[in-house]
Amino acid sequence: MRYIFDPAPLPSVAIAGGDQRFPVRRIFCVGRNYADHVREMGNDPKSEPPIFFTKPADAVVESSAAIAYPQSTSNFHHEVELVVAIGKGGAAIEAGAALDHVWGYAVGVDLTRRDLQAEAKKAGQPWDAAKAFDNSAPIGALTPVSVCGHPTAARIWLSVNSATKQDANIDEMIWSVPEIIAALSLTWELRAGDLIFTGTPSGVGPLQRGDAVACGVEGLSELRFSIER
Ligand code: MN
């Protein structure tokens, strides 16, 4: 194949405890998956099926990175989330078999231009500008299921400049990981390399230039990043 210019490198994520990489195919995200966060955004947790949106694969950012404050926003938010890495694809996967498709887990942050999201919601427009921008998916090193198992109860937390902002447990998710995979795979055929951000607990809030963010899910590698001055 002769391309007219060099293609962009394949996005990938570090794997904890080694030098191998997980190649990223797509990034799916679940909206509204913790009741407290659904309430803080002004919605009723029980009335809604899971909603999905996507980010480009090259939105991933490694731990320890410095991220530029994005353009076109003055309300740039953090959302800490458990991330599921798919190792085996499938369509219409049954919840009972869904965990067989999981390669591993990580902590990630669904960075959000909240002001653009509010405008999109009000106008009934897509969320791409709010969610799918450059560097909007910082993610920690992936831990394989062979090491961490399938976490169902674990603390999930995020701090900004050492002050805790989000602190919850993944057992508070409205839709479990198997239920998310089952629902998502009814609309998209999942493939190895897909990542799923599973939604954020309450406590989302703004990031400013110069902030240092740290976050984690108990049992997985921590993620740290900063916002450039
Ligand atoms: Mn989110």
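Residues numbered from 1 in each chain as written. Predicted model: local features only at pLDDT ≥ 70, side-chain atom pairs only at ≥ 80, totals over all residues. Heavy atoms only, no water.

Novice: Looking at this model, I keep getting lost on the environment of T198. Mind explaining?
Specialist: Of note, T198 is situated in the loop between β15 (195–197) and β16 (205–206). Put simply, T198 and Y34 are 164 residues apart on the chain and 9.4 Å apart in space, counted from C-alpha to C-alpha. Apart from residues lying up to four places away in sequence, T198 is in contact with V30, N33, E81, L82, V84, M173 and I180. Of note is the side chain of T198, whose polar atom sits 2.7 Å from the backbone oxygen of L82. (Helix = DSSP H or I, 4+ residues; strand = E, 2+ residues; numbered from the N terminus. Contact = heavy atoms within 4.5 Å. Polar contact = N/O pair within 3.5 Å; in protein donor to acceptor, adjacent residues only side chain to side chain.)

Novice: Looking at this model, I keep getting lost on the pattern of salt bridges. Mind explaining?
Specialist: Where charged atoms of side chains with opposite charge meet at close range, the side chains can pair. All told, the structure shown has 9 salt bridges when counted by the stated rule. The salt bridge partner of E79 is K131, with a shortest N-O separation of 3.3 Å. Taken together, the residues E79 in the loop between β7 (76–78) and β8 (80–86) and K131 in helix α3 (residues 128–131) connect sequence positions 52 residues apart. Note that E222 and R224 form a salt bridge whose closest N and O atoms lie 3.1 Å from each other. Exposure remark for E222: the relative accessible area of 40% places this residue in the partly exposed category. One connected set of salt bridges, linked through shared partners, spans K55, E79, D110, R114 and K131. (Salt bridge = Lys/Arg side-chain N within 4 Å of Asp/Glu carboxyl O. Buried < 20%, exposed > 50% of the residue type's maximum accessible area, 1.4 Å probe, protein only.)

Novice: Could you clarify how one ought to interpret the packing of aromatic side chains in this entry?
Specialist: A ring pair, where both rings are aromatic, is described by two values, the distance of the centres and the angle of the planes. Scanning the entire structure with this criterion turns up 6 aromatic pairs. Where F53 meets W127, the ring centres are 5.5 Å apart and the plane angle is 55°; that geometry is what we call tilted. Here the residue F53 occupies a position in strand β4 (residues 51–55), and W127 occupies one in the loop between α2 (114–123) and α3, the gap between them amounting to 74 residues. For F53, a relative accessible area of 10% translates into the label buried. Three or more aromatic residues joined by ring pairs form one cluster here, namely F28, F52 and W188. Lying across the ring of Y69, R209 places its NZ or CZ 4.3 Å from the centre. (Phe/Tyr/Trp six-rings, centres within 6.5 Å; stacked < 30°, edge-to-face > 60°. Lys NZ or Arg CZ within 6 Å of the ring centre and 35° of its normal.)

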